[in-house]
Structures are given as C-alpha cells and as structure tokens.
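Analysis of the macromolecular model
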Amino acid sequence: MDDIQLCKEITRLKQELQKLITIPDKDKSTEDREKEEELLKQINKLVETRDFLVDDVEFERLREREEDRDMPAFLQSKCPSGLAEKGELNKSLSPTDMSRCEFCNVV
C-alpha cells in the first residue's frame, strides 16, 4: 500500500473503533471487546508500516542530498581541467577531451 492508501485505511479503522469506544463498557459484548482489540492491532500495524515508509523516504532524501553534495568533487576527479566543478563540462571541452572522460556525455 502506498502512503495515501495507508492513511485512508487507518482513518477507516479509527472511525470503526470510535463507534465501539462510544459503547459504555458495561454494554459491550465479548465480540465488541474482541473487535476493539483487533482494530487496535490493525491500526498499530498500519501505523508501523507507514512509519517505515516515511523513514525509508527520509533515508533516500538524505542519501540523494549527500550524492548531490559529493558530485562536483567526483566529476572534477574524473574529468579533465576541473571543468566539472565549474559546470562547463559539455560547453567547453574539445571532442578529444570528451572522449577521454566517460562522464562528460552523461551530465
């Protein structure tokens, strides 16, 4: 499930749980109590799943930020004349220089 579906399902389960919670304890049947417990378990499981997805997205965002930060130094080390750092790779390299740098045609 994606994040939106998870949120919708959590909301649906919470609404169902809310109906059960409004029943006074003295009037709840064993079935109501079991259903309430099952809903709590389902909600908890979905929240844990959503937390995992959010953490994974945050990890990827941080990894991409680090890659972006490291890219100029990487390109400078792989391409001639330090042009990678200046953002001038494809603008000012001669065809001979570009043929020597495997990354110049990628940028």
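A brief structural summary.

Cut-offs and rules
- Residues numbered from 1 in each chain as written.
- Predicted model: local features only at pLDDT ≥ 70, side-chain atom pairs only at ≥ 80, totals over all residues.
- Heavy atoms only, no water.
- Helix = DSSP H or I, 4+ residues; strand = E, 2+ residues; numbered from the N terminus.
- Expected span 1.5 Å × (residues − 1).
- Contact = heavy atoms within 4.5 Å.
- Axes fitted to C-alpha atoms, helices over the stretch in contact; angles between N-to-C directions.
- Parallel < 35°, antiparallel > 145°, perpendicular 65-115°, else oblique.
- Left-handed = near helix turned anticlockwise from the far one by under 90°.
- Nonpolar A, V, L, I, M, F, W, Y, C, P; charged D, E, K, R; others polar.
- Bend = angle between axes of the 7 residues up to and from the residue.
- Buried < 20%, exposed > 50% of the residue type's maximum accessible area, 1.4 Å probe, protein only.
- Core = buried A, V, L, I, M, F, W, Y, C linked by side-chain atoms within 4.5 Å.

Before going further, it helps to examine helix 1 (residues 3–21). If you check helix 1, its first and last C-alpha atoms are 26 Å apart, about what 19 residues at 1.5 Å a residue would give, namely 27 Å. Residues of helix 1 that are buried make contact with helix 2 (30–78).

Here we come to the packing of helix 1 against helix 2. At their nearest, the axes of helix 1 and helix 2 sit 9 Å apart, and the two run at 155° to each other. The angle between the axes of helix 1 and helix 2 places the two elements in the roughly antiparallel class. Regarding helix 1 and helix 2, the two cross each other, and that crossing is left-handed. Here Asp3, Leu6, Cys7, Glu9, Ile10, Leu13, Lys14, Glu16, Leu17, Leu20 and Ile21 of helix 1 come into contact with helix 2, specifically with Asp32, Lys35, Glu36, Leu39, Leu40, Gln42, Ile43, Leu46, Val47, Thr49, Arg50 and Leu53. For the contact of helix 1 with helix 2, the class distribution of residues is 13 nonpolar, two polar and eight charged.

Bringing helix 2 into the picture now. The end-to-end C-alpha separation of helix 2 is 70 Å, in line with the 72 Å expected for 49 residues at 1.5 Å each. For helix 2, the principal kink sits at Asp70 and spans about 40°; a proline, Pro72, occurs within the next four residues. Those residues of helix 2 that sit buried are Asp32, Glu36, Leu39, Ile43, Leu46 and Leu75.

With eight residues, the main nonpolar core is built from Leu6, Ile10, Leu13, Leu17, Leu20, Leu39, Ile43 and Leu46. When residues of this core are traced back to their parent elements, those giving at least two are helix 1 and helix 2. For this core, the element with the most residues is helix 1, which contributes five residues.

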